[in-house]
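Next come the chains, spelled out residue by residue.
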Amino acid sequence: HLYVKSICGLCHKIIVENNIVKSGLEEYFHITSDKVNVINNAVSQDKPLISKAIREKYSEKFSDKKIILCFGVISPRKGQSNAIRAFKIIEDNLPNHILIIGGRVSPEFQLYEKSLLNTITELNLQKKVFYLGEIGEEEINVLFEISDIAVFPYHPAIYGSGAFSFALQYEKPSIVTSIDT
């Protein structure tokens, strides 16, 4: 608390990514509103060049399937387990759809990652839900390019979503949790 308040006190302006962070600074650290500027997550309008080999790899692997993509840091607060359980409920109504989950796992959430894999097995979704784990930036771009919809089943938090920025960049319809960020 003292560290953040000290740093903020030394600054002339503070730039944050959303109004939740701004209100947190105002409420918890008593930073004046005029000192804090909000610049919402920027979304690039340019789609990067992607190697043909990587595009073909994923196109072949998931050919003839409609892709629901759940991408982002693997963490309980990101709600990937909710996406898996929700997919189980709707899988019979969407026979041509698959759920792809991917993202980086930090050491403290390795048990959560294992829990996700167990849930996929327990719900007998091994042919419908694909857990890719951490993948490279070019692969991330391919998955957003070939996906049909993105899902972000987040739990309430004070941060925004870099993964959601990818969905916006690729103009993908998205299902998101109704939280301020």
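The model shown is predicted, which means the values in this text are computed figures rather than measured ones.

A. How the structure looks around the overall build of the chain. On a plain count of helices and strands, the chain comes out with seven helices and seven strands. For the chain, the α and β elements follow one another from N to C terminus as α-β-α-β-α-β-α-β-α-β-α-β-α-β. Across its three principal axes, the chain shows a C-alpha extent of roughly 55 × 35 × 30 Å. Put simply, the chain has 181 residues, and 40% of those count as buried. Taking the contacts inside the chain whose residues are at least 6 apart along the sequence as the reference set, 73% of them involve residues at least 24 apart. Carbon and sulfur atoms provide 55% of the accessible area of the chain, an area that totals close to 10700 Å². Side chains of the chain give 20 positive and 21 negative charges; the mean places of these two sets differ by 2 Å.

B. Main features of the packing of helix α4 (residues 80-90) against helix α5 (residues 110-122). Between α4 and α5, whose axes approach to 10 Å, the crossing angle comes to 5 degrees. Relative to α5, the element α4 lies roughly parallel. Contact residues: α4 offers Q80, S81, I84 and R85, while α5 offers Y112, L116, T119 and I120. Looking at side-chain class alone, the contact of α4 with α5 contains four nonpolar, three polar and one charged residues.

C. Structural context of the side chain of E139. Among the secondary structure elements, E139 is positioned in helix α6 (residues 137-146). Of note is the side chain of E139, whose polar atom sits 2.9 Å from the side chain of Y58. Beyond its immediate sequence surroundings of up to four residues, E139 is in contact with I54, K57 and Y58.

D. Geometry of the layout of surface pockets. Taken as a whole, the second largest pocket spans an internal volume of roughly 200 Å³. For the second largest pocket, the full set of lining residues is I68, A83, A86, F87, I90, L94, H97, L99, I149, V151, P153 and I175. Those elements that place two or more of their residues in the lining of the second largest pocket are α4, β4 (97-102) and β6 (149-152). Looking at the lining of the second largest pocket element by element, the count peaks at four residues for α4. Taken together, the residues that form the lining of the second largest pocket break down as 11 nonpolar, one polar and no charged.

E. Local environment of the packing of aromatic side chains. Under the defined criterion, the tally for this structure stands at five aromatic pairs. Seen from their ring centres, Y58 and F62 are 6.2 Å apart, and the 20 degrees between their planes marks the pair as stacked. Look at Y58 and you get buried, because its relative accessible area is 4%. Look at F62 and F130: their rings are 5.2 Å apart centre to centre, the planes differ by 65 degrees, and that puts the pair in the edge-to-face class. Of this pair, F62 sits in the loop between α3 (52-61) and β3 (66-71) while F130 is found in strand β5 (residues 129-133), placing the two residues 68 residues apart along the sequence. For F62, a relative accessible area of 4% corresponds to the buried category. Counting every residue linked through ring pairs, the aromatic cluster contains Y58, F62 and F130. K78 extends its terminal NZ or CZ atom over the ring of Y154, reaching a point 4.5 Å from the ring centre.

Cut-offs and rules
- Residues numbered from 1 in each chain as written.
- Predicted model: local features only at pLDDT ≥ 70, side-chain atom pairs only at ≥ 80, totals over all residues.
- Heavy atoms only, no water.
- Helix = DSSP H or I, 4+ residues; strand = E, 2+ residues; numbered from the N terminus.
- Buried < 20%, exposed > 50% of the residue type's maximum accessible area, 1.4 Å probe, protein only.
- Contact = heavy atoms within 4.5 Å.
- Areas by Shrake-Rupley, 256 points an atom, 1.4 Å probe, with all protein chains shown as cover.
- Lys, Arg positive; Asp, Glu negative; His and termini not counted.
- Charge placed at Lys NZ, Arg CZ, Asp CG, Glu CD.
- Axes fitted to C-alpha atoms, helices over the stretch in contact; angles between N-to-C directions.
- Parallel < 35°, antiparallel > 145°, perpendicular 65-115°, else oblique.
- Nonpolar A, V, L, I, M, F, W, Y, C, P; charged D, E, K, R; others polar.
- Polar contact = N/O pair within 3.5 Å; in protein donor to acceptor, adjacent residues only side chain to side chain.
- 1 Å grid on protein atoms, 1.4 Å probe; cavity = no way out; pocket = protein on both sides within 12 Å on 5 of 7 lines; lining within 4 Å.
- Points joined across faces, edges and corners; volume = space filled by probe spheres on them.
- Phe/Tyr/Trp six-rings, centres within 6.5 Å; stacked < 30°, edge-to-face > 60°.
- Lys NZ or Arg CZ within 6 Å of the ring centre and 35° of its normal.

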